Amino acid sequence: MKTNFFIYIILLIAYLFFVQAAKAEDIHFNNEIYSLKLSRISAETNGYENEYFPGAETSQNWTKMIGIYYYPDVSNPRKFAEDSEKNIEKKETVALLKFIQNKKQDKALYSYLENGSTQGKDYFEYNLYKYEKHPDKGMMVLRFAKKYFFKTNDEIKKIGHEVKGINDDLMEQLIVTPIPPIVEKDIP
């Protein structure tokens, strides 16, 4: 009787482990699991876009996301990142935080904070982008974004301190994180 009970407990634990296991299309980043919820061909770049969100979040309603984008017609990731960085600096609602390039590996990475509003709620959107060559043709982009909603100046200060404290760490994580392959299936 004790042996059967012990076997049932082991089977229950194994079942829960496999039910909780992440799907192949999930991404683990910064101790969270992000699931693929949007995959489409981009009319702008003619490449695929994959967007991953934690839990029940979607592309219409999110606080954190990871994006993987393929630009088949871009051959110079560093030049593309430099041009993007210059455009970011021109915007009044955006503050560039850091820009890093690796000329030997032909990679670039930058972070910025953008002010926005949705449904009457003000927020800062913290963005990190990594650009690198695709192994065959074009360029791959890895993006991490997080929205911080606020109402008061004290909340703005708190957000500023948090972003300042995590920026270098998240940039280092993005540098060493390999860009996952694009999932080429349409998910609306």
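Residues numbered from 1 in each chain as written. Predicted model: local features only at pLDDT ≥ 70, side-chain atom pairs only at ≥ 80, totals over all residues. Heavy atoms only, no water.

We now examine the nonpolar core. Core analysis: the biggest nonpolar cluster contains 28 residues, and F29, Y52, I66, I68, Y126 and F144 have the highest contact counts within it. For this core, the secondary structure elements donating two or more residues are β1 (26-29), β2 (32-41), β3 (48-54), β4 (64-71), β6 (107-118), β7 (121-133), β8 (139-150) and α3 (153-176). Discounting residues that sit within four places of it in the chain, F144 has contacts with F29, Y34, M65, I66, Y126, N127, L128 and L170. Of all hydrophobic cores here, the second largest spans 17 residues; its members include W62, M65, Y131 and A145. (Core = buried A, V, L, I, M, F, W, Y, C linked by side-chain atoms within 4.5 Å. Buried < 20%, exposed > 50% of the residue type's maximum accessible area, 1.4 Å probe, protein only. Helix = DSSP H or I, 4+ residues; strand = E, 2+ residues; numbered from the N terminus. Contact = heavy atoms within 4.5 Å.)

Attention shifts here to the sheet that holds strand β5 (residues 94-102). Strand order in the open sheet made by the eight strands is β1-β2-β3-β4-β8-β7-β6-β5, with antiparallel pairing throughout. For this open sheet the edge positions go to β1 and β5, each flanked by a neighbour on one side alone. Neighbour to neighbour, the strand axes of the sheet diverge by 25° on average, direction disregarded. Helix α2 (residues 77-90) contacts β4, β5, β6, β7 and β8 of the sheet and is inclined by roughly 165° relative to β5. (Pairing = 2+ DSSP bridges. Axes fitted to C-alpha atoms, helices over the stretch in contact; angles between N-to-C directions.)

A word on the pattern of salt bridges. With the rule as written, the count across this model stands at 10 salt bridges. Between R40 and E49 there is a salt bridge, with the nearest N and O atoms lying 2.8 Å from each other. Given the relative accessible area of 16%, E49 is considered buried. Note that K79 and D83 form a salt bridge whose closest N and O atoms lie 3.0 Å from each other. In this pair, K79 and D83 are both assigned in helix α2, four residues apart and thus about one turn of the helix distant. Since its relative accessible area comes to 31%, D83 is described here as partly exposed. Each of K107, K130 and E132 takes part in a single network of salt bridges with overlapping partners. (Salt bridge = Lys/Arg side-chain N within 4 Å of Asp/Glu carboxyl O.)

What follows is about the pairing of β1. The pairing of β1 with β2 spans four bridges and is classified as antiparallel. Within the sheet, the bridge partner assigned to I27 lies in β2 and is Y34. A loop of two residues connects β1 with β2, the two strands running antiparallel in sequence, and N30 in this loop sits at a positive phi of about 50°.

Turning next to the environment of F124. Position of F124 among the secondary structure elements: in strand β7. Sequence separation between F124 and F149 is 25 residues; the distance between their C-alpha atoms is 6.5 Å. Other than its neighbours up to four places away in sequence, F124 contacts L113, E114, N115, K146, K147, Y148, F150, I156 and I159.

Time to look at the side chain of D106. In this fold, D106 is placed in the loop between β5 and β6. Excluding anything up to four places from it in sequence, D106 contacts S75, N76, P77, R78, Y131, E132 and K133.

The next thing to look at is the confidence of the model for the protein chain. Mean pLDDT over the protein chain stands at 88; residues scoring 70 or higher make up 87%. Note that pLDDT drops below 50 for residues 10-22; the model gives that stretch one contact with residues more than four away or on any other chain. (pLDDT = per-residue confidence, 0-100.)

Attention shifts here to the environment of R78. Counting through the fold element by element, R78 comes out in helix α2. It is 10.0 Å that separates the C-alpha atoms of R78 and M139, two residues lying 61 residues apart in sequence. Aside from chain neighbours lying at most four places away, what touches R78 is Q101, N102, K103, D106, K107 and A108. For R78, the side chain forms a polar contact with the side chain of D106, separated by 3.2 Å. (Polar contact = N/O pair within 3.5 Å; in protein donor to acceptor, adjacent residues only side chain to side chain.)

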